[in-house]
Protein chains: 4
Amino acid sequence: MQTVLITGFEPFDGERINPSWEVVKRLHDMELGRVHIVARQLPCVFHHALETLEAAIAETQPRLILAVGQAGGRAEISLERVAINVDDARIPDNQGQQPIDEPIVPGGPAAYFSLLPIKAIVEGLRDAGIPAAVSQTAGTFVCNHVMYGLLHHLQQKGNPRIRGGFIHIPYLPEQAARHPGSPSMAADTVLTALELAIAIALNTERDLQVGGGATH
Amino acid sequence: MQTVLITGFEPFDGERINPSWEVVKRLHDMELGRVHIVARQLPCVFHHALETLEAAIAETQPRLILAVGQAGGRAEISLERVAINVDDARIPDNQGQQPIDEPIVPGGPAAYFSLLPIKAIVEGLRDAGIPAAVSQTAGTFVCNHVMYGLLHHLQQKGNPRIRGGFIHIPYLPEQAARHPGSPSMAADTVLTALELAIAIALNTERDLQVGGGATH
Amino acid sequence: MQTVLITGFEPFDGERINPSWEVVKRLHDMELGRVHIVARQLPCVFHHALETLEAAIAETQPRLILAVGQAGGRAEISLERVAINVDDARIPDNQGQQPIDEPIVPGGPAAYFSLLPIKAIVEGLRDAGIPAAVSQTAGTFVCNHVMYGLLHHLQQKGNPRIRGGFIHIPYLPEQAARHPGSPSMAADTVLTALELAIAIALNTERDLQVGGGATH
Amino acid sequence: MQTVLITGFEPFDGERINPSWEVVKRLHDMELGRVHIVARQLPCVFHHALETLEAAIAETQPRLILAVGQAGGRAEISLERVAINVDDARIPDNQGQQPIDEPIVPGGPAAYFSLLPIKAIVEGLRDAGIPAAVSQTAGTFVCNHVMYGLLHHLQQKGNPRIRGGFIHIPYLPEQAARHPGSPSMAADTVLTALELAIAIALNTERDLQVGGGATH
């Protein structure tokens with residue numbers, strides 16, 4: 001039986017919960033078809049988050065790694081297309097670090113593209129009635145940091161059969177209730193979305209040739 | 001046993017469903033504490049919607065009337081503060097009528113304020129973890145038309161113990177999946193919100209003195 | 001020669017300037033066709049603003065009164081359709097007053113519609129290449145307060161040939177430079193817009209029958 | 001005397017004008033301090049735009065290249081941080097090409113970071129009262145294509161003293177007048193912004209260490 005590693009973050013930016021962990025923890029130890037899901041929480045701390053992730057990869061030897069994070073203010077499940085080699089923190093992380101324009105991996109490539117079939121996942125979610133879209137930026141905070149670090153790690157390991165990527169999710173309704181005007185998504189909807197994303201990622205050899213771009 | 005009348009609309013603007021009816025119909029014939037809920041669908045047609053509503057009021061003799069409608073693009077449950085005496089239709093209604101700057105009730109007052117305890121409902125929903133806000137405009141289409149007509153009808157009847165008002169709700173996720181970028185709210189969340197709104201409306205004598213305004 | 005009275009506000013909400021006064025003061029003492037323009041500043045203070053406005057009306061005996069205010073976050077010139085009889089202050093005014101759900105005029109009508117040809121002004125501005133729209137709400141702060149009070153005053157005076165209304169304008173660029181993500185409009189563009197609005201208001205007997213509504 | 005090459009695009013997406021060319025053409029042949037500015041228009045066509053740009057570079061031997069494009073819907077001058085090696089066209093370009101997930105340069109790096117001092121330019125513009133921000137994505141259409149191609153070209157030439165990058169600008173007011181709700185910026189404001197951007201780019205050795213990031 002193969003393993004899927006899925007990660008969520010601890011709360012940050014004054015929130016009491018992080019929707020990514022609230023949902024991801026419900027997937028822990030589930031079996032989905034022929035795979036076993038392992039869920040882990042990452043600290044919202046530059047570099048320490050990556051050490052935690054890499055230790056979990058070494059331990060669980062997953063075939064697929066899905067990192068999930070909160071995008072407060074977005075209305076949809078966002079399939080991140082690309083991670084860039086820069087930390088530029090608008091707010092401090094959970095240990096007070098606030099790097100500006102520092103490379104995540106000095107000398108590393110400027111960016112990595114997601115190894116997930118992001119178009120197929122967006123189409124599959126929409127077909128299931130779940131709002132989803134390709135996102136052209138994962139930001140420059142710990143989420144982008146983890147996505148870049150994950151893809152760099154996979155590239156270094158050199159096993160092309162291991163896939164990974166990053167998915168941003170909206171606030172939960174209970175968070176948006178304290179941020180007037182903000183969109184949200186119910187935990188059950190996000191849970192279904194993540195199950196579908198895993199299933200599609202495992203069963204899609206080549207991504208769909210459908211549009212998911214932005215004019216700017 | 002007293003009756004609460006709650007209404008939703010038929011689909012409009014090219015949608016296959018209307019979230020207001022999808023949720024409201026699930027409340028039909030429910031008993032909530034000491035009240036019996038009757039749900040009715042209104043046509044998305046100027047004037048005809050009001051005739052349908054008034055017939056339902058005559059038939060069911062409700063103590064509370066809650067009219068619910070779709071506000072595609074809004075992220076929260078919106079408690080409408082005021083309805084204005086004008087129809088100005090950006091799109092045609094379901095019978096092709098597209099009035100511009102016509103009074104709903106010729107010679108009627110310029111506006112009516114909601115008879116619901118809108119601040120208490122917003123607070124109650126937020127406390128329950130549901131995004132909600134006071135809205136300063138119900139638009140100028142059939143929703144505002146129904147709210148104005150309902151409040152005019154209640155004012156004409158002159159029974160101060162009968163309350164009524166209007167609540168706008170977001171798209172359902174399955175609708176937002178076809179409107180990229182749009183916020184949505186799960187049907188179960190909206191259902192809980194409407195149950196809470198009914199309970200709070202029935203049990204609040206005087207509305208809370210808390211802010212719900214806008215600078216513009 | 002007839003007089004047009006145009007008002008702007010003093011700064012509020014922590015701003016160093018108010019774009020309404022920055023632009024309106026440039027119109028003072030101008031002659032536009034056969035009319036003389038008088039510009040006055042209003043304090044951002046409930047009731048005191050109206051006393052100042054009414055004194056200016058008594059002094060200048062204008063044929064047209066245009067009250068202008070800042071709508072930080074809006075992108076267009078907004079022609080307000082309606083003012084409602086309620087003060088609900090999200091922030092304190094410049095004297096620290098923060099009324100909640102108080103009537104502006106106890107016993108007054110719930111609302112007044114603008115006496116300006118708002119559709120004709122929107123069309124005229126767009127034809128001139130200036131972004132403009134009808135707005136269905138002027139909020140519940142001092143701007144709505146002044147619009148309601150102005151229209152109530154005109155209704156009390158009973159001279160149907162005197163017209164008045166309210167126009168909201170965006171931040172100036174120098175304000176938006178300190179509110180990342182906010183739209184703005186150049187002072188020269190706003191100035192042209194106000195001159196056009198005055199000219200159209202003076203020359204339009206009956207407003208255009210064109211749409212300017214909202215579905216919600 | 002040194003040369004600065006600045007480019008704007010021809011209109012696309014049904015627009016009659018492109019604000020980038022409307023403003024950029026006004027800079028043609030200007031002298032700014034010790035530099036001479038050359039303005040060129042690029043076609044909104046994948047690859048052909050890059051050929052035009054590279055020919056202009058070969059001809060003018062500029063020390064600084066600033067490519068400017070329209071970002072309809074954005075409110076600020078956007079200093080693009082990064083360009084990615086992918087074309088994913090939401091709409092066809094002006095020759096009907098609509099590539100999906102094709103590399104701009106097959107085998108090229110995943111991304112290039114701007115060679116402009118983007119933080120210093122943002123600070124300088126804001127100090128001058130012009131709304132500006134770092135942007136984390138230039139999209140996946142012809143603008144990103146030109147930014148990527150420009151930076152790839154400069155990297156291939158290997159002259160570290162030649163700098164280049166991309167700036168997105170809002171609609172002009174006359175465009176936003178036909179896109180209700182859209183922000184805009186006056187041509188004069190954009191012109192000043194571009195002059196400042198050139199001056200700052202020429203006079204900044206090391207970019208400022210100030211935040212310009214996004215959490216997502």
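Residues numbered from 1 in each chain as written. Chains lettered and ligands numbered in written order. Predicted model: local features only at pLDDT ≥ 70, side-chain atom pairs only at ≥ 80, totals over all residues. Heavy atoms only, no water.

Chain A has the name Pyrrolidone-carboxylate peptidase in an unreviewed UniProt entry, where Chimaeribacter coloradensis is given as its organism. Listed in UniProt under the heading Function (unreviewed entry), the comment for chain A reads: "Removes 5-oxoproline from various penultimate amino acid residues except L-proline." (UniProt positions renumbered as here; feature names shortened; annotations may be inferred.)

**Q** Please set out the relation of the copies chain A and chain B residue by residue, giving values where relevant.
**A** Once chain A is rotated about the relating axis by 180 degrees and shifted along it by 0.0 Å, it coincides with chain B to within an RMSD of 0.0 Å. Taken together, the rotation angle and the small translation identify this as a two-fold axis. Considering only C-alpha atoms, the residue of chain A closest to the rotation axis is Pro183(A), which sits at 2.7 Å. A shared binding surface is used by both copies, with 100% of the interface residues of chain A retained as interface residues in chain B. (Least-squares fit on C-alpha atoms with pLDDT ≥ 70 in both. Contact = heavy atoms within 4.5 Å.)

**Q** Got a sec to walk through the packing of aromatic side chains? Specific residues and values, please.
**A** Inspection of the entire model under this criterion finds 16 aromatic pairs over all chains. Centroid distance Phe9(B) to Phe166(B): 6.5 Å. Interplanar angle 40 degrees. Geometry classified as tilted. One end of the pair, Phe9(B), is in strand E1 (residues 2-9); the other, Phe166(B), is in strand E9 (residues 163-169), and 157 residues separate them in sequence. A relative accessible area of 0% means that Phe166(B) is categorised as buried. Pairing Tyr112(C) with Tyr148(C) gives two aromatic rings, centres 5.1 Å apart and planes at 55 degrees, and the pair type is tilted. (Phe/Tyr/Trp six-rings, centres within 6.5 Å; stacked < 30°, edge-to-face > 60°. Helix = DSSP H or I, 4+ residues; strand = E, 2+ residues; numbered from the N terminus. Buried < 20%, exposed > 50% of the residue type's maximum accessible area, 1.4 Å probe, protein only.)

**Q** Break down the interface of chain A and chain B for me, with residues and values.
**A** Many authors give the size of an interface as the accessible area that is lost as the parts come together. Between chain A and chain B, the contact holds 17 residues from the first and 17 residues from the second. Taken together, both faces of the contact between chain A and chain B bury some 1300 Å²; the carbon and sulfur share is 60%. Linking chain A with chain B are 0 salt bridges, by the criterion used here. At the boundary of chain A with chain B, the tally comes to 4 residue pairs in polar contact (both at pLDDT 80 or more). Tallying contributions element by element places helix H5 (residues 173-176) of chain A first for the side of chain A that touches chain B, with 3 residues. Partitioning the side of chain A that touches chain B into residue classes produces 9 nonpolar, 5 polar and 3 charged. (Buried area = accessible area lost by both parts, 1.4 Å probe. Salt bridge = Lys/Arg side-chain N within 4 Å of Asp/Glu carboxyl O. Polar contact = N/O pair within 3.5 Å; in protein donor to acceptor, adjacent residues only side chain to side chain. Nonpolar A, V, L, I, M, F, W, Y, C, P; charged D, E, K, R; others polar.)

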